[in-house]
Amino acid sequence: MKPFSYERAASPAEAVEAAVARPGARFIAGGTNLLDLMKLGIEAPQHLIDVNRLWLDTIEPTAEGGLRIGALVRNADLAADRRVRRDYAVLARALVSGASGQLRNKATTAGNLMQRTRCPYFYNTDMPCNKRRPGSGCAAIGGLTHNLAVLGVSDACIATHPSDMCVALRALDASVETVGVGGRTRSIPIADFHRLPGDRPDIETALEPGELITAVTLPAPLGGVQLYRKVRERASYAFANVTVALVAREGQMVRLAFGGLAAKPWRVEVAEGGADPDLAADLALAGATPTEDNAYKLPLARRTLKATLAQATEVRS
Amino acid sequence: MIGQGVIGQAISRTDGPIKVTGRAAYSAERQDAGPTLHGYILGAGIGKGRVARIDIAAAEAAPGVRLVWTHENAPEQGPAEGIEGDMMDRTRPELASDRINYYGMPIAFVVAESFEEARAAAGLITVEYEVEAGAFALDGFGPNLNWRRPSQAGDIDKAMREGPVTVEQTYSTPYHFSQPMELHACIADWRDGHLHLYLTAQMVNQLTTGLGKTLRLDPSAISIDSAYVGGGFGSKIVLHCEAVLASLATMALGQPVKLMLTRRQIFTLVGHRPASISRVRLAATPDGRLTALGHDALIQVRTDDAWDEGVSSVGKALYASPNRLTRQAHQALDVQPGEPVRGPGELPGLMVLESAMDELAEKLGIDPVELRLRNDTQIDPDKRLPLSGRRLADCLREGAEQFGWCDRPTIPASRRDGRWLVGYGVASSMRGHYQTSAEVLVRIEPDGLVIVRSDMTDIGTGTHTIVAQVVAEALGVPMSQIKVELAHTKHPKGNGAGGSWGAANTTVAADRACAALRQRIAAVAGTSYNDIFAEVRRHFPDGLEERGRTLDNKDDPNYQTHAQYTYGASFAEVGVDIDTGEVRLRRMLGVFAAGRILNAKTARSQLIGGMIWGVSAALQEAGALDPRHGHWVNGDFAEYLIPTHADIPAIDAIMLEDFDDKANHLGVKGIGELGAGGTGGSVANAVYNATGVRVRDFPITLAKLLPGLPGR
């Protein structure tokens, strides 16, 4: 077999130190994505650092009136948390629309942030892929692109980000807390956490080598009606064609983000405060570069937004 | 259960407890051969071309590796026999040349002490390819097609010209994969000049001919044991590479070798249902009598393999029409050979034809159920024989009543339930019933046990149980005293589980064996005995056994005087999200007339399973072939969609009280394929009824519906 070593870290600092000492090391928590990628030969880390025992699995209130979600809080637990359900319904709804009950029991908050794309060409090691082998090319471009990105693409990559949770976090303006080399901590706005592909699609996040996610922080609750609408080709256990994360108040869009359209959650700040979903869709989809296969995502995103806003209005009344 | 009335009862399957507790050992779990070595196949990374250079040095040096084969050093095998050989008997040489005929075709085979070592070593093999341009897409109906399997009556072109009401449309259906839960696996154990295989297979004795020719072994030197099979759906009928490579390796190494394909490999190393393009032509009088029924189907094949999925054949005998033409043409593509996939021919064929019938009903302004009833026939239009057990009309009427068809929205896109557009659809189902030659042995042991032996397999359908039921009834003994031994080449030869013939073949032959046993006992003990075992002890102290047989169709007089089919009608209600085009099934009913039902529970399970296949075909399943590289883009369960539990609400199957005495003396016919039947068509028609959008390129996805959806 492909040999790899394994260690269990006892503290975040120790985990970071171990990762820095062993280039090519990967953190592992729930393993719902990484183990698959290892079995398929897409990832071959030389060293695994198990972070499951770092006690980062609590949800606590912050001094600012928000919530601090430990990196190891399981998706199922986060979705079921009473405070999340009450104050951050868009997040609870996004979480339960993802994966399956079994996977949500294992998958962690940080792991969900770190999910890799489900682009089918990324998954096939016989095909060139700039994410998998930087510089090898992109087989998806010119291929079957039914569920690939229409926004923020580059000549190097047209993959989408598969997470539902991250779309809700983007709408909520969450921050990603990390600890890095030398115990340095920082807080990365979710807006800056995921990167568009550009010419380096293999660099997917703002994390530096060895840097470990310790928590996700939510600001104080926004109130309003919070909806997450996931459009998919079967009723469960499918990646999104398009998703809409919406916080609305009295017919106005307070927060709006789309999923399934790009390599990161697609927040549409310019449309926020408005009440016209068509205008919001125009603003969101300006500059879209669809293929013949995925051009349907443009009208779908527009229609889904209109329906979701209408639903938010109905819920209120 | 004892005595009379056992046949038909809803008895839970006898192997249920050992299956749900994990004690039923499937092929890869068998311990019979002791510890095994493990194989791993390296598949070609291109769609067409040749291996220009392959370097196995690093793999051979990797830990635990016992053997690495490529076309340069693999053992000599029986040569490929090409298109002419019978599908079941053909050789299947592996690693036989540098040619790459399809993506994923084996180009190297590694055997190591563990699966992980074998897989890792395979990853160390470096390959240089010479890539050739391949053909990876069906072109559609060009000129100069070579039409095959024509079935013709009257003059369809003239009838289409005369109309007065006509439908002429083109439909396409994609590649489908069987993808049973249990992966294809083989443990091969070469011991004292005999090859023992623990192989996941739907038919066992049939495989020894082709395997023997490939391995250059006499078939009598090969045993195949397929005790439990976790689903087949046609994909475990023909010989595949896992049996050949594991056998070659155990013969070379003298140790048992296990080879289990991965889920991804099953998308390339096991056949698929070929993609098809259909042109359907229908004409009718204003009162809805068909005057023309035409179905031309273009099917993907390979140049060296012509699995001819009978997509157009369903139109031969479904409805009466004086002018009729059904026929097939082939286009060879550079993908793996096609194979039977559940409902071969009729699943895609009925989905297409019954969509066209729905289009005709709308043009005529006639209710779709009524249109089908008006074109019922008691004579097979193709064979010109009486149809035995033709109860399509009963299925349609009973289904319409039970489903509440009268509540169907008559105007498309006219019913709303919140954000859902709601529609109803109906379609007919029909499936040929085939009988093949089979032999079953029934033995009564004096100590109170009845043993039934057959090489029939139980692929998860409940064969063990129905055979025991029939024997219990025939001999008047409790099921608990009957032991059914199946799925081994040492047992009497039948034709396995496939083509929906296994249940009838096996139970009819078993019942005949029981009749022969009763005669033997009656000859010495009369007929008024109470305890059959006491009579056997008294008169046959060594036990008593008899064999029963079925004949092949072509040798059975009933099959010369009557045409044998099974029938059904499917009714579906769907909701289509008016904003997103997402289609969700709301409820569904299938009504079936398939002869006498042997076990109401296992039969219902199989029929419902088939119906779900129909839903899947209409809405979700499609193998996506990259048109440049010829690889399956969606070769896993994340991307190759099949329904989840959440996609299937409460559905039901009703089996009409039925008995087809022309099929056999038990009145039994097959149901394995029938459930799928026209179900896909009923779902497609319901989508049209809900939305007013007709999608003719299956599956019906939201992207195809969106442009035509009505406004909110």
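Description of the overall build of chain B
1) Next: For chain B, the helix and strand inventory stands at 17 helices and 25 strands.
2) Next: In terms of overall size, chain B behaves like a compact globule, its C-alpha atoms giving a radius of gyration of 26 Å where 712 residues would be expected to give roughly 27 Å.
3) Next: A principal-axis box enclosing the C-alpha atoms of chain B has dimensions of 80 × 75 × 50 Å.
4) Next: Put simply, chain B has 712 residues, and 65% of those count as buried.
5) Next: Here the contacts in chain B between residues at least 6 apart in sequence split such that 82% fall between residues at least 24 apart.
6) Next: For chain B, the exposed area adds up to about 24,600 Å²; of that, 49% sits on carbon and sulfur atoms.
7) Next: Each charge class in chain B can be summarised by its mean position, and for the 71 positive and 85 negative side chains these summaries are 3 Å apart.

Re the pairing of strand β10 (residues 194-199) of chain B
All names here are of chain B.
1) Next: Burial within β10 is extensive, with five of its six residues counted as buried.
2) Next: When strand β9 (residues 185-191) meets β10, the two strands line up antiparallel, connected through six bridges. If you follow cysteine 186 over to β10, its bridge partner there is leucine 199.
3) Next: Two elements, β10 and strand β11 (residues 222-225), share four bridges in a ladder whose sense is parallel. Among the inter-strand pairings, leucine 197 is bridged to a residue of β11, identified as isoleucine 224.
4) Next: Assessed by its sense of winding, the connection that carries the chain from β10 through helix α5 (residues 207-215) to β11 is right-handed.

Brief notes about the pattern of salt bridges
It is possible for side chains of opposite charge to pair when their charged atoms get near one another.
Residue and element names in this part refer to chain B.
1) Next: By the definition in use, this model includes 75 salt bridges over all chains.
2) Next: Where glutamate 94 meets arginine 92, a salt bridge forms, and the shortest distance between an N and an O atom there is 2.8 Å.
3) Next: Take glutamate 94: its relative accessible area is 5%, and that puts it in the buried class.
4) Next: Looking at arginine 92, the relative accessible area reads 16%, which means it is buried.

Thoughts on the pairing of strand β7 (residues 185-189) of chain A
All names here are of chain A.
1) Next: In this structure, strand β6 (residues 175-179) lies alongside β7, joined through five bridges in antiparallel fashion. Paired with glutamate 177 across the bridge in β7 is serine 187.
2) Next: Here β6 folds back onto β7, and the loop between the two strands holds five residues, one of which, glycine 182, carries a positive phi near 70°.

A look at the interface of chain B and chain A
1) Next: At the interface, 39 residues of chain B touch 35 residues of chain A.
2) Next: Buried area between chain B and chain A, summed over both chains or domains, comes out near 3,000 Å², and the portion from carbon and sulfur atoms is 57%.
3) Next: For chain B, the biggest contributors to the area lost against chain A are Arg264, Arg628 and Leu702 of chain B; these three give 16% of the whole.
4) Next: Between aspartate 577 of chain B and arginine 229 of chain A there is a salt bridge, with the nearest N and O atoms lying 2.7 Å from each other.
5) Next: Where chain B packs against chain A, one counts 15 residue pairs in polar contact (both at pLDDT 80 or more).
6) Next: Within the residue set of the side of chain B that touches chain A, elements represented by two or more residues are α3 (115-122) and α17 (702-705) of chain B.

A closer look at the sheet that holds strand β10 (residues 242-249) of chain A
Sheet strands pair via backbone hydrogen bonds, and the direction of the pair is either parallel or antiparallel.
Residue and element names in this part refer to chain A.
1) Next: What the four strands build is an open sheet, ordered β9-β10-β11-β12; its pairing is antiparallel. Looking at the sheet topology across the chains shown, the edges are occupied by β9 (225-231) and β12 (266-267).
2) Next: Looking at chain direction, β10 and strand β11 (residues 252-259) are connected through seven bridges and run antiparallel. Within the sheet, the bridge partner assigned to valine 247 lies in β11 and is arginine 255.

Digging into the packing of aromatic side chains
Any two aromatic rings considered together are summarised by their centre-to-centre distance and by the angle between their planes.
All names here are of chain B.
1) Next: Under the criterion given, the structure shown has 16 aromatic pairs over all chains.
2) Next: On the basis of an interplanar angle of 75° and a centroid distance of 4.8 Å, the ring pair of tyrosine 175 and tryptophan 632 is categorised as edge-to-face. Linking tyrosine 175 in the loop between β8 (165-173) and β9 with tryptophan 632 in the loop between α15 (600-619) and β25 (651-655), this pair joins segments that are 457 residues apart in sequence. Neither residue differs from the other here; tyrosine 175 and tryptophan 632 are each classed as buried.
3) Next: Seen from their ring centres, phenylalanine 233 and tryptophan 613 are 4.9 Å apart, and the 50° between their planes marks the pair as tilted. Linking phenylalanine 233 in the loop between β11 and α6 (241-253) with tryptophan 613 in helix α15, this pair joins segments that are 380 residues apart in sequence.
4) Next: Owing to a relative accessible area of 27%, phenylalanine 233 belongs among the partly exposed residues under this scheme.
5) Next: Across from the ring centre of tyrosine 424, 5.9 Å away, lies the NZ or CZ of arginine 415, which sits over that ring.
6) Next: Directly above the ring of tyrosine 688 sits arginine 694, whose terminal nitrogen or CZ lies 3.9 Å from the centroid.

Quick word on the side chain of threonine 463 of chain B
All names here are of chain B.
1) Next: The residue threonine 463 is located in helix α11 (residues 463-475) in this model.
2) Next: The exposure class of threonine 463 is buried, given its relative accessible area of 2%.
3) Next: Within polar-contact distance, the side chain of threonine 463 engages the backbone oxygen of threonine 457 at 3.4 Å.
4) Next: If we ignore the near neighbours within four places in the chain, the residues touching threonine 463 are Met456, Thr457, Asp458 and Leu486.

Digging into a nonpolar patch on the surface
Residues and elements named next belong to chain A.
1) Next: Judged by side-chain polarity, Val270, Leu279 and Leu283 come together as a nonpolar surface patch covering roughly 280 Å² of accessible area.
2) Next: Inspection of the secondary structure puts leucine 283 in helix α11 (residues 277-285).
3) Next: Look at leucine 283 and you get partly exposed, because its relative accessible area is 38%.

Digging into unusual backbone geometry
1) Next: The peptide bond linking glycine 163 of chain B to proline 164 of chain B adopts the cis configuration, its omega dihedral lying at 5°.
2) Next: Residue position: proline 164 of chain B is located in the loop between α4 (156-162) and β8.
3) Next: A cis geometry characterises the amide bond from phenylalanine 698 of chain B onward to proline 699 of chain B, with omega recorded as 0°.
4) Next: Of note, proline 699 of chain B is situated in the loop between α16 (679-691) and α17.
5) Next: Phi at tryptophan 55 of chain A takes a positive value of approximately 60°, unusual for a residue other than glycine.
6) Next: Tracing the sequence through the fold places tryptophan 55 of chain A in the loop between β3 (47-50) and β4 (59-61).

Points about the packing of helix α8 (residues 346-364) of chain B against α16 of chain B
Residues and elements named next belong to chain B.
1) Next: Running from N to C, α8 and α16 cross one another at 40°; their axes reach a closest spacing of 8 Å. Note on packing geometry: the crossing formed by α8 with α16 is right-handed. Touching Met351, Glu354, Ser355, Asp358 and Glu362 of α8 are Gly680, Gly681, Ala684, Asn685 and Tyr688, all from α16.
2) Next: In terms of residue class, the contact of α8 with α16 is made up of three nonpolar, four polar and three charged.

Quick notes on the side chain of histidine 631 of chain B
1) Next: Mapped onto the elements, histidine 631 of chain B comes out in the loop between α15 and β25.
2) Next: Under the relative-accessibility criterion, histidine 631 of chain B is labelled buried at 1%.
3) Next: Aside from chain neighbours lying at most four places away, what touches histidine 631 of chain B is Tyr121, Asn124 and Met127 of chain A together with Tyr103, Ala624, Leu625 and Asp626 of chain B.

Brief notes about the nonpolar core
1) Next: The biggest cluster of nonpolar side chains holds 116 residues, and the ones touching the most others in it are Leu256 and Phe258 of chain A together with Leu282, Leu360, Val574 and Val576 of chain B.
2) Next: Among the elements that make up this core, the one with the highest residue count is α8 of chain B (10 residues).
3) Next: Residues contacting valine 574 of chain B, with those up to four places away along its chain left out, are Leu421, Val422, Gly423, Val583, Arg584, Leu585, Arg586, Val683, Ala686, Val687 and Ala690 of chain B.
4) Next: Ala18, Leu113, Ile190 and Tyr228 of chain A belong to the second-largest nonpolar core, a separate cluster that totals 49 residues.

Observations concerning the sheet that holds strand β15 (residues 324-332) of chain B
Residues and elements named next belong to chain B.
1) Next: With mixed pairing, the five strands of this open sheet are ordered in space as β7-β15-β14-β13-β8. Each of the sheet's edge strands pairs with one partner strand only, and the pair in question is β7 (148-153) and β8. Adjacent strand axes in the sheet meet at a mean angle of 10° when their direction is disregarded.
2) Next: Each of β8, β13 (276-284) and β14 (290-301) touches α8; the most contacted strand, β8, lies at about 150° to it.

The rules behind each value
- Residues numbered from 1 in each chain as written.
- Chains lettered and ligands numbered in written order.
- Predicted model: local features only at pLDDT ≥ 70, side-chain atom pairs only at ≥ 80, totals over all residues.
- Heavy atoms only, no water.
- Helix = DSSP H or I, 4+ residues; strand = E, 2+ residues; numbered from the N terminus.
- Rg over C-alpha atoms; globule rule 2.2 N^0.38 Å.
- Buried < 20%, exposed > 50% of the residue type's maximum accessible area, 1.4 Å probe, protein only.
- Contact = heavy atoms within 4.5 Å.
- Areas by Shrake-Rupley, 256 points an atom, 1.4 Å probe, with all protein chains shown as cover.
- Lys, Arg positive; Asp, Glu negative; His and termini not counted.
- Charge placed at Lys NZ, Arg CZ, Asp CG, Glu CD.
- Pairing = 2+ DSSP bridges.
- Right-handed = clockwise from strand over helix to strand, strands pointing away.
- Salt bridge = Lys/Arg side-chain N within 4 Å of Asp/Glu carboxyl O.
- Buried area = accessible area lost by both parts, 1.4 Å probe.
- Polar contact = N/O pair within 3.5 Å; in protein donor to acceptor, adjacent residues only side chain to side chain.
- Phe/Tyr/Trp six-rings, centres within 6.5 Å; stacked < 30°, edge-to-face > 60°.
- Lys NZ or Arg CZ within 6 Å of the ring centre and 35° of its normal.
- Patch = residues over 30% accessible without salt bridge, like charges linked within 9 Å, V, L, I, M, F, W, Y side chains within 5 Å.
- Axes fitted to C-alpha atoms, helices over the stretch in contact; angles between N-to-C directions.
- Left-handed = near helix turned anticlockwise from the far one by under 90°.
- Nonpolar A, V, L, I, M, F, W, Y, C, P; charged D, E, K, R; others polar.
- Core = buried A, V, L, I, M, F, W, Y, C linked by side-chain atoms within 4.5 Å.

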